[in-house]
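Chains, contacts and geometry: an overview
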Amino acid sequence: LIKSFEKGNYANPGFPFGYRKRNKKLYIHKEEAEIVKLIQYLYVKQCVSILQVLSYLQINEIAPQKKWDQHKVRDLLKNTVYSGIVHRKDLNRTFSNIAPIIISIEMKNETLVLLKERTRSHPKRNNHIFHNKVYCADCNKYCINDTAKKKYRYYLCSSCKQRFSEIDLNEL
């Protein structure tokens with residue numbers, strides 16, 4: 001596998017959007033490559049979010065056969081193969097000159113920085129002590145964690161919207 005990459009072959013299965021694969025080599029698919037450039041341009045130069053890029057693609061029916069979603073857009077933006085570079089974590093190696101360049105390395109680096117800056121962090125959730133254990137006393141429906149009031153923890157009935165304090169539940 002490593003030798004194949006070192007020879008400039010694209011040894012990954014399949015091929016990324018914007019390319020076609022023949023005899024282990026990637027070749028630019030001109031129409032799709034223009035879409036790749038458009039996505040990069042919208043995200044980097046127009047400061048458009050991934051969801052806005054997705055909306056643009058869907059509204060304008062751009063490559064509808066791709067069935068775009070935000071994960072496909074994000075993956076395309078993150079993929080360094082468009083700059084001729086392939087990172088293989090499993091091999092702990094980076095290979096260059098693997099594909100014809102669609103996106104300059106400068107633009108790709110700018111994209112990767114923006115992706116990191118614009119990504120929301122999801123801190124480890126601190127579940128309530130009665131998470132998945134509280135049912136409403138009035139209607140016997142499941143109660144969900146309610147963090148609307150940060151000072152105290154509550155559970156909210158999913159049906160009748162009655163709120164229960166964790167302090168009150170602790171005393172039971």
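None of these values were measured; they are calculated from a predicted model.

What counts and what doesn't
- Residues numbered from 1 in each chain as written.
- Predicted model: local features only at pLDDT ≥ 70, side-chain atom pairs only at ≥ 80, totals over all residues.
- Heavy atoms only, no water.
- Axes fitted to C-alpha atoms, helices over the stretch in contact; angles between N-to-C directions.
- Helix = DSSP H or I, 4+ residues; strand = E, 2+ residues; numbered from the N terminus.
- Parallel < 35°, antiparallel > 145°, perpendicular 65-115°, else oblique.
- Left-handed = near helix turned anticlockwise from the far one by under 90°.
- Contact = heavy atoms within 4.5 Å.
- Nonpolar A, V, L, I, M, F, W, Y, C, P; charged D, E, K, R; others polar.
- Buried < 20%, exposed > 50% of the residue type's maximum accessible area, 1.4 Å probe, protein only.
- Arc of directions from axis to C-beta.
- Salt bridge = Lys/Arg side-chain N within 4 Å of Asp/Glu carboxyl O.
- Phe/Tyr/Trp six-rings, centres within 6.5 Å; stacked < 30°, edge-to-face > 60°.
- Lys NZ or Arg CZ within 6 Å of the ring centre and 35° of its normal.
- Expected span 1.5 Å × (residues − 1).
- Pairing = 2+ DSSP bridges.

**Observations concerning the packing of helix 3 (residues 50-59) against helix 4 (residues 70-78)**
Where helix 3 meets helix 4, the axes come as close as 9 Å, and the angle between the chain directions of the two elements is 110°. The pairing of helix 3 with helix 4 is recorded here as roughly perpendicular in orientation. Seen along the crossing, helix 3 lies across helix 4 with a hand that is right-handed. For the pair helix 3 and helix 4, the contacting residues are Ile 50, Leu 51, Val 53, Leu 54 and Leu 57 in the first and Gln 70, Val 73, Arg 74 and Leu 77 in the second. Residues that form the contact of helix 3 with helix 4 fall into these classes: seven nonpolar, one polar and one charged.

**Concerning helix 3**
The set of residues buried in helix 3 consists of Ile 50, Val 53, Leu 54 and Leu 57. Buried residues in helix 3, looked at end-on, bunch into an arc of 100°, giving them a common side. On its buried face, helix 3 is in contact with helix 2 (30-44), helix 4 and helix 5 (105-118). A positive phi of about 50° marks Glu 61, the residue just after helix 3.

**Remarks on the pattern of salt bridges**
In the structure shown here, the tally under the stated rule is five salt bridges. Notably, a salt bridge pairs Glu 32 with Arg 20, separated by 2.9 Å at the nearest N-O pair. Here Glu 32 is found in helix 2, whereas its partner Arg 20 is found in strand 1 (residues 19-22), with 12 residues between them in sequence. Accessibility expressed as a relative area gives 9% for Glu 32, which makes it buried. Residues Lys 45 and Glu 110 are paired through a salt bridge, measuring 3.6 Å at the closest nitrogen-oxygen approach. Placement of Lys 45 in the loop between helix 2 and helix 3 and of Glu 110 in helix 5 is noted, with a sequence separation of 65 residues between them.

**A word on the packing of aromatic side chains**
Here the distance between the centres and the angle between the planes together describe a pair of aromatic rings. Going through the model one piece at a time under the given rule, you end up with three aromatic pairs. Note on Phe 17 and Trp 68: the rings are 5.2 Å apart at their centroids and 80° apart in plane angle, and the pair reads as edge-to-face. Separated by 51 residues along the polypeptide, Phe 17 in the loop between helix 1 (2-6) and strand 1 and Trp 68 in the loop between helix 3 and helix 4 bring together distant segments of the chain. Pair check on accessibility: Phe 17 and Trp 68 agree, each one buried. Its guanidinium or amino end placed over the ring of Tyr 27, Arg 22 lies 4.5 Å from that ring's centre, counting from NZ or CZ. Between Arg 118 and the ring centre of Tyr 43, over which it is positioned, the NZ or CZ distance is 4.3 Å.

**A word on helix 2**
An ideal rise of 1.5 Å per residue puts 21 Å on 15 residues; helix 2 measures up with 21 Å between its terminal C-alpha atoms. Of the positions making up helix 2, those classed as buried are Glu 32, Ala 33, Ile 35, Val 36, Ile 39, Gln 40, Leu 42, Tyr 43 and Val 44. Taken together, the buried residues of helix 2 touch strand 1, strand 2 (25-28), helix 3, helix 4 and helix 5.

**Regarding the sheet that holds strand 7 (residues 163-165)**
Strands sit in the order 5-6-7 across an open sheet of three strands; the sheet is antiparallel. Of all strands in the sheet, those with a lone pairing partner are strand 5 (143-146) and strand 7, marking the two edges. Across the sheet, the mean angle separating the axes of adjacent strands is 30° when strand polarity is ignored. As paired elements, strand 5 and strand 6 (residues 154-157) share four bridges and run antiparallel to each other. Residue pairing in the sheet places Ile 144 in a bridge with Leu 156 of strand 6.

**Thoughts on the pairing of strand 2**
As paired strands, strand 1 and strand 2 are joined by four bridges and run antiparallel to one another. In the strand pairing of strand 2, Arg 20 is matched with Tyr 27. Linkage of strand 1 to strand 2, two consecutive antiparallel strands, is achieved through a turn of two residues, within which Asn 23 is found at a positive phi near 50°.

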